Amino acid sequence: MFKIKRKILAYMISIVMLTGITGCSSRDVEEAAEYFRETVQDVLETREESSSEDTEEIPEKEISQEESAYYYGYSTLGAEEQKVYRQLAAGIESFQEKIPVDAVSQEQLEKVMRVLMADHPEYFWTDGTSSYTYQELPGGGVQNMEVQPEYQVSSQEAQSLKSQIEATADQWIQGAPQGDTYERIKYVYETLIDRAEYQENSPENQNIRSVFLEGKTVCMGYSKAAQYLLNRMGIFCTLVTGTVTGEKPASHAWNLVRIGEQYYYMDVTWGNPGYLNPVENDAYISYSYLCCNWDTLAPTHVPDDTIPLPSCEDDSYNYYRNKGRWYDTFDWDQIYQVIQNDLAQRAEMTELRFAGEESYEPATEALVEGSLIQEAVQNSTAVVPGQTFSWQTYYGGSDYLIIIVWQ
């Protein structure tokens, strides 16, 4: 998801390649080698003389303790990597073409860049794609490392876009309920599904511009926008990247949120009817992936190793359990009565979440292929004789959910 292009500046390798390309004679090679040895010696002596004078520190982004509470990836890094993280952040925020950083290994640099981009959805002007250079000295030492990010817009354009994004985000946040953390997370989940259409070919869909300015996005846009909104609301939320299984495994992004001391997963994309049912993109919202535990995601989601993830076992905020619409087994009479009650209350839809395949399969047979719904409607006192009454049934997802939308 986050790419780093490597360009290595190594004195000895460069000289060898250049002489080989130009097709020098043996005498030319000897003269070039002697010149190279003298040049390297001069550079080393110059650096030794100036090292005590050159004490200028590489600029770093200041990260307060309050801010670091929202930078989950940053908290998982070691002290050396955190320093490089702060140096990269300072450079990216000021649109530096070449960002000097402390010399670290290739693996460390790539890791820090991935973590930095995962922590900062507001960096919409870059996706972390970068090249870097360094000087390799005889003996294997490395110094003068610089990272060269690719910026998608200019600093001036970014400031204009940033103001527009913040204005839209703040407007959405104003509609959020106060107090209860779960209800505020649920509000963001619903708002993103309602305000941003799932569209695979949407422009800028790997960053928050696609959500707040275009209203069309994919999984990465949803996840970064959720993180951006919740962090601005003072609620912990971070980005999780990985893949989803199936006939065609694909890269995917979702979120990790925290309520109290417990962590939960949230996948806005998989809750979106536009993703689940493109033809009926306004049919319903699936709440299976709102503040769910790992057991819900484990059959389909595989996180990568960008950040170590905490345990997510608590099921306290399972939407369907708390609503009384979770069924460990299928009982024909029970579901018949649930439908009758919903019809009597003029419900817009009936939501039924089953625990697994053993209960879901017979439920599907009765509700989709069988006559359970028809019988419940025909015998309902809420349906006036002669009245045209119809419904649409949605099923087949990996979350064992059946939705009946009444029309």
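Above: the structure in question.
Residues numbered from 1 in each chain as written. Predicted model: local features only at pLDDT ≥ 70, side-chain atom pairs only at ≥ 80, totals over all residues. Heavy atoms only, no water.

Asker: Would you mind going over the packing of helix 5 (residues 79–93) against helix 6 (residues 106–119) with me for this structure?
Answerer: The N-to-C vectors of helix 5 and helix 6 enclose an angle of 60 degrees; their axes lie 9 Å apart at closest approach. Classed by the angle they form, the pair helix 5 and helix 6 counts as oblique. Both helix 5 and helix 6 take part in a crossing whose hand is right-handed. Touching E80, E81, V84, Y85, L88, A89 and I92 of helix 5 are Q108, L109, K111, V112, M113, V115, L116 and D119, all from helix 6. The residue makeup of the contact of helix 5 with helix 6, split by class, is 10 nonpolar, one polar and four charged. (Axes fitted to C-alpha atoms, helices over the stretch in contact; angles between N-to-C directions. Helix = DSSP H or I, 4+ residues; strand = E, 2+ residues; numbered from the N terminus. Parallel < 35°, antiparallel > 145°, perpendicular 65-115°, else oblique. Left-handed = near helix turned anticlockwise from the far one by under 90°. Contact = heavy atoms within 4.5 Å. Nonpolar A, V, L, I, M, F, W, Y, C, P; charged D, E, K, R; others polar.)

Asker: Honestly, the packing of aromatic side chains in this entry has me stumped. Any pointers?
Answerer: Any aromatic ring pair is given by two values, namely how distant the centres are and how the planes are angled relative to each other. Counted by the stated rule, this structure contains 25 aromatic pairs. Ring centres of Y74 and Y85 lie 4.7 Å apart, and the angle between their planes is 55 degrees; on these two criteria the pair is classed as tilted. Highlighted residues: Y74 in helix 4 (residues 72–75) and Y85 in helix 5, separated in sequence by 11 residues. Residue Y74 is classed as buried on the basis of its relative accessible area of 9%. The buried category is assigned to Y85, whose relative accessible area is 0%. Each residue in the set F95, Y123, F124, W125 and Y151 is aromatic and connected to the rest through ring pairs, giving one cluster. (Phe/Tyr/Trp six-rings, centres within 6.5 Å; stacked < 30°, edge-to-face > 60°. Buried < 20%, exposed > 50% of the residue type's maximum accessible area, 1.4 Å probe, protein only.)

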